[in-house]
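Observations on the three-dimensional arrangement
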Amino acid sequence: MNNYTNNICVSIILPIYNAQKYLTRCLSSILSQTMSQDNIEVILVNDGSSDSSVSICNEYAYIYDNIRVVHKNNGGAASARNAGLQIAKGKYVAFVDPDDYIDSAYCQLPYNEAIRTNADIVIFDAVKEYQEDNVKEQSKELCHADYPFVTDNKEDIKSMRCQILYPYMNAKGGKSIFYKDIPLAAPWDKLYKRSFLISNNLEFPEELEVLDDMSFNFMAFGKATIVSYIHIPLYHYQVWSSSITNSYRPDRPMQDQKVFRFLISKISEGEDGSNISTDDILLQAYYARVIKSFAICCRLCFYNKSNPLDKNDKRRMIQKLMGQEPYSIAFKNVNMAKLEWKLKAVAIAGKMKSERLLHVLNKLQNG
């Protein structure tokens with residue numbers, strides 16, 4: 001056994017599926033860290049790739065002592081991350097996507113903050129880069145707040161849970177409330193204490209095919225007692241025009257409803273096991289998430305140009321969905337004042353059960 005396993009500060013886990021085009025760039029950024037490679041463990045989880053990702057993983061693991069490879073059948077990003085978690089040895093764990101890349105201080109700065117504050121979770125900023133044919137078209141800093149902080153306040157952390165579901169929702173004002181237009185659901189802009197994850201049995205829900213990372217963070221922040229934030233962009237998130245987030249998903253309604261059942265089961269448990277009222281801010285954040293996902297579903301499924309159904313069939317399906325739980329409950333009970341203006345319009349269309357209004361809104365917002 002290599003001696004480095006006794007000194008691992010950070011385990012970096014990469015779920016890899018057919019990522020040959022970008023994997024070398026990602027690994028180069030990991031191997032260029034200011035933290036010594038003796039203190040970094042890199043776990044490459046090959047999730048059934050059929051391209052040269054397999055040979056790239058094996059080659060890097062052969063050359064570098066701190067890189068390990070796990071080969072498994074394809075099961076999705078959640079199962080790949082969990083496979084990495086099961087063998088991780090670091091004091092803290094980070095999750096990196098292979099088509100992205102990281103700053104040289106990605107490990108060192110969050111780790112220093114984690115040791116200083118004893119945080120369960122350390123949050124940092126990212127840069128969102130829009131790509132087309134390997135050419136960066138534009139970028140945007142995803143800064144969560146104006147200043148760093150550390151908090152053990154339960155209401156502050158509850159606000160973060162709300163913003164994981166819907167960025168415009170929060171439990172209270174105060175130092176820990178992030179910008180309302182920056183999502184908090186991703187795992188790659190966070191460092192997690194491994195003992196915290198283990199003691200709370202926290203892992204990515206493999207039964208979910210979408211939003212498993214959001215659901216994971218919703219659970220993790222529900223168990224966290226100390227959360228820290230450093231105001232530094234350390235992650236480069238790549239957005240590709242061919243991304244799955246922009247692809248036609250005929251099964252999106254079914255997959256979303258799996259997520260909703262999972263989330264409401266966690267919300268219903270409550271921190272103290274008590275029942276939750278419709279006025280509770282977590283439930284309001286859940287309603288907003290349901291409506292947000294409904295709008296996304298319309299874009300990726302019903303109004304997508306690749307959808308082969310005719311207009312009348314699309315209308316009937318949307319009408320039916322608007323009248324079903326949990327959509328009908330969310331439309332009825334959501335606090336409209338908490339929604340961004342675009343989502344208010346969708347909520348109004350849902351309350352009215354007006355597919356025509358929804359169609360017009362989709363045209364205006366998505367072209």
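Here's what I pulled together on the structure shown here. Everything numeric in this text was worked out from a predicted model, so none of it was measured. (Residues numbered from 1 in each chain as written. Predicted model: local features only at pLDDT ≥ 70, side-chain atom pairs only at ≥ 80, totals over all residues. Heavy atoms only, no water.)

**Description of the overall build of the chain**
- On a plain count of helices and strands, the chain comes out with 13 helices and ten strands.
- For 367 residues, the compact-globule estimate of 2.2 N^0.38 gives 21 Å, and the C-alpha radius of gyration of the chain, at 21 Å, lies within 12% of that figure.
- The principal-axis extents of the C-alpha atoms in the chain amount to approximately 65 × 45 × 35 Å.
- Put simply, 76% of the contacts in the chain that link residues at least 6 apart link residues at least 24 apart.
- Surface accessibility of the chain: about 16,500 Å² in total, with carbon and sulfur atoms responsible for 48%.
- Within the chain, one finds 43 positive and 42 negative side-chain charges whose respective centroids are separated by 7 Å. (Helix = DSSP H or I, 4+ residues; strand = E, 2+ residues; numbered from the N terminus. Rg over C-alpha atoms; globule rule 2.2 N^0.38 Å. Contact = heavy atoms within 4.5 Å. Areas by Shrake-Rupley, 256 points an atom, 1.4 Å probe, with all protein chains shown as cover. Lys, Arg positive; Asp, Glu negative; His and termini not counted. Charge placed at Lys NZ, Arg CZ, Asp CG, Glu CD.)

**What to know about the side chain of S354**
- Secondary-structure assignment places S354 in the loop between helix 12 (341–352) and helix 13 (355–366).
- Relative accessible area serves as the criterion here: at 17%, S354 is assigned to the buried category.
- Look past the residues within four positions of S354 in its chain and what remains in contact with it is Q319, M322 and A349. (Buried < 20%, exposed > 50% of the residue type's maximum accessible area, 1.4 Å probe, protein only.)

**Let's talk about the packing of aromatic side chains**
- Inspection of the entire model under this criterion finds 20 aromatic pairs.
- Judged by centre distance (5.8 Å) and plane angle (65°), the rings of F95 and Y192 are edge-to-face. Of the two residues, F95 sits in strand 4 (residues 92–95) while Y192 sits in strand 9 (residues 190–193), which places them 97 residues apart along the sequence. Considered together, F95 and Y192 belong to a single accessibility category, that of buried residues.
- Here a set of aromatic residues connected by ring pairs shows up, and it is made of F260, Y286, Y287, F294, Y327 and F331.
- A cation sits over an aromatic face here: R81 above F204, 5.2 Å from the ring centre. (Phe/Tyr/Trp six-rings, centres within 6.5 Å; stacked < 30°, edge-to-face > 60°. Lys NZ or Arg CZ within 6 Å of the ring centre and 35° of its normal.)

**Focus on the environment of Y229**
- Here Y229 lies in strand 10 (residues 227–240).
- Placed 105 residues apart in sequence, Y229 and F124 show a C-alpha to C-alpha distance of 5.8 Å.
- Non-local contacts of Y229, meaning those with residues more than four positions away in its chain, are made with I123, F124, D125, C143, H144, A145, Y147, P148, F149 and F178.

**Here we look at helix 4 (residues 108–117)**
- Listing the buried residues of helix 4 in full gives P110, Y111, E113, A114 and T117. Taken end-on, helix 4 shows its buried residues confined to a sector of 160°, consistent with a single buried face.
- Positive phi appears at N118, one or two residues downstream of helix 4, with a value of about 60°. (Arc of directions from axis to C-beta.)

**Looking at the pattern of salt bridges**
- Under the definition given, this model contains twelve salt bridges.
- K72 is the partner of D47 in a salt bridge, and the nearest nitrogen-oxygen pair spans 2.6 Å. Residue D47 is found in strand 2 (residues 40–47), and its partner K72 is found in strand 3 (residues 67–72); the two are separated by 25 residues along the sequence.
- Looking at D47, the relative accessible area reads 3%, which means it is buried.
- Among the residues examined, K72 registers a relative accessible area of 22% and is labelled partly exposed.
- Across the pair E355 and R315 runs a salt bridge, and its minimum N-O distance is 3.4 Å. Taken as a pair, E355 in helix 13 and R315 in helix 10 (residues 311–322) lie far apart in primary sequence, 40 residues in all.
- Assessed through its relative accessible area of 29%, R315 is described here as partly exposed.
- Bridged by salt links that share partners, the residues R81, D97 and D212 form one connected network. (Salt bridge = Lys/Arg side-chain N within 4 Å of Asp/Glu carboxyl O.)

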